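Descriptive structure summary
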Amino acid sequence: MFNSWRYDFSMEIKTANFVTSSSEYTQCPPADKPEYAFIGRSNVGKSSLINMITNFGKLAKISGKPGKTQLINHFLINEQWYLVDLPGYGFAKVSKTQKEQFEPMIKNYIVNRENLTSMMVLIDSRLPPQPIDLSFINWLGEVEIPFALVFTKADKQSVNKTQASVAAFKKKILEDWEVLPPYFVTSASSKTGREELLQYIGEINKQI
Ligand code: GTP
Ligand code: MG
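Now for a look at the structure at hand. What you are looking at is a predicted structure, and each value in this text was computed from that prediction instead of being measured.

Calculation criteria
Residues numbered from 1 in each chain as written. Chains lettered and ligands numbered in written order. Predicted model: local features only at pLDDT ≥ 70, side-chain atom pairs only at ≥ 80, totals over all residues. Heavy atoms only, no water. 1 Å grid on protein atoms, 1.4 Å probe; cavity = no way out; pocket = protein on both sides within 12 Å on 5 of 7 lines; lining within 4 Å. Points joined across faces, edges and corners; volume = space filled by probe spheres on them. Nonpolar A, V, L, I, M, F, W, Y, C, P; charged D, E, K, R; others polar. Phe/Tyr/Trp six-rings, centres within 6.5 Å; stacked < 30°, edge-to-face > 60°. Helix = DSSP H or I, 4+ residues; strand = E, 2+ residues; numbered from the N terminus. Buried < 20%, exposed > 50% of the residue type's maximum accessible area, 1.4 Å probe, protein only. Lys NZ or Arg CZ within 6 Å of the ring centre and 35° of its normal. Axes fitted to C-alpha atoms, helices over the stretch in contact; angles between N-to-C directions. Parallel < 35°, antiparallel > 145°, perpendicular 65-115°, else oblique. Contact = heavy atoms within 4.5 Å. Near = heavy atom within 4 Å. Polar contact = N/O pair within 3.5 Å; in protein donor to acceptor, adjacent residues only side chain to side chain. Areas by Shrake-Rupley, 256 points an atom, 1.4 Å probe, with all protein chains shown as cover.

Focus: empty space enclosed by the protein
Enumeration according to the criterion identifies 1 cavity of 30 Å³ or more in this entry. Taken together, Arg41, Ile123, Asp124, Leu127, Pro128, Pro129, Gln130, Asp133 and Phe169 make up the lining of the largest cavity. Split into classes, the residues belonging to the lining of the largest cavity amount to 5 nonpolar, 1 polar and 3 charged.

Let's talk about the packing of aromatic side chains
Inspection of every chain in the model, using the stated rule, returns 8 aromatic pairs. Seen from their ring centres, Phe151 and Phe169 are 5.7 Å apart, and the 85 degrees between their planes marks the pair as edge-to-face. Of this pair, Phe151 sits in strand β6 (residues 147-152) while Phe169 sits in helix α4 (residues 159-176); the two residues are 18 residues apart in sequence, bridging distant segments of the chain. A centroid spacing of 6.3 Å and a plane angle of 85 degrees characterise the contact between Phe151 and Tyr183, whose relative ring orientation is edge-to-face. Of this pair, Phe151 sits in strand β6 while Tyr183 sits in strand β7 (residues 183-185); the two residues are 32 residues apart in sequence, bridging distant segments of the chain. We classify Phe151 as buried; its relative accessible area is 2%. Among the aromatic side chains, those forming a connected cluster through ring pairs are Tyr89, Phe136 and Trp139. Between the NZ or CZ atom of Lys107 and the centre of the ring of Trp139, over which it lies, the distance is 4.8 Å.

Some points on the packing of helix α1 (residues 46-54) against helix α5 (residues 194-207)
Put simply, α1 and α5 touch, their axes get as near as 10 Å, and they point 85 degrees apart. Judged on the interaxial angle alone, α5 and α1 are roughly perpendicular. Here Leu49, Met52, Ile53 and Thr54 of α1 come into contact with α5, specifically with Arg194, Leu197 and Leu198.

Concerning unusual backbone geometry
Phi angles above zero are rare outside glycine, and Glu79 is one such case at about 60 degrees. Relative to the elements of secondary structure, Glu79 occurs in the loop between β3 (72-77) and β4 (81-85). Look at Glu79 and you get partly exposed, because its relative accessible area is 47%. The phi torsion at Lys191 lies on the positive side, around 70 degrees, for a residue other than glycine. With respect to the element layout, Lys191 can be found in the loop between β7 and α5.

Looking at the site of ligand 1
Close to ligand 1 lie 22 residues, the nearest being Lys46, Ser48, Gly67, Asp155 and Ala188. A distance of 3.0 Å is found between an oxygen atom of ligand 1 and a backbone nitrogen or oxygen belonging to Asn43. The backbone of Ser63 places a nitrogen or oxygen atom 3.1 Å from an oxygen atom of ligand 1. Against a free-state accessible area of 660 Å², the protein chains account for coverage of 87% of ligand 1. In terms of residue class, the shell around ligand 1 is made up of 4 nonpolar, 12 polar and 6 charged.

Spelled out as structure tokens, the structure:
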């Protein structure tokens, strides 16, 4: 898919630029570079994690109020690959109309975006397994989209509690899946997990 490109995938972030916000996958930038999209419940920390990974200040807009990100936002990294910030799912307070717009928008993007190399499914490390996350993950399985799990906000609790949450989630996943997906424990505040995530992305980029 990317044969026309010569890549030197250094995982040092040299440049990170906002490209565009799209309300449909058809409006997204040309599908000619590897792409990693961040999804998860509203307020789980998708935009914060993109800022943490890129280390380029306030690239993605964050908010204490759920429902901040409402479009498909593309960020071009090192002129070579894309990070994508998506709206959250499962936020009760967005209007029904908004919700009805989000769902097909996100699902159409995921199913149709040819250069989508891996979804990053963000999970709040403080919560027990949430049905909405599990059903989203199972849907990704049905449509055969690769993904990694990213546990967020690890700074907000003890290491033991985070480990217990991760273990509970793994157990749930293994009820439906034969193998565990790659997973990462992160904190946008303390930068935990940054190197590991960049390494994961770098490895995939190299294989393409
Ligand atoms: P939507 O765009 O609304 O779907 O939310 P989002 O998933 O992009 O979450 P966002 O990054 O906007 O963060 C939501 C809130 O959680 C903000 O107040 C962040 O400051 C906070 N937050 C995100 N990540 C972390 C983290 O790792 N640690 C702590 N302590 N707070 C975090
Ligand atoms: Mg956001």
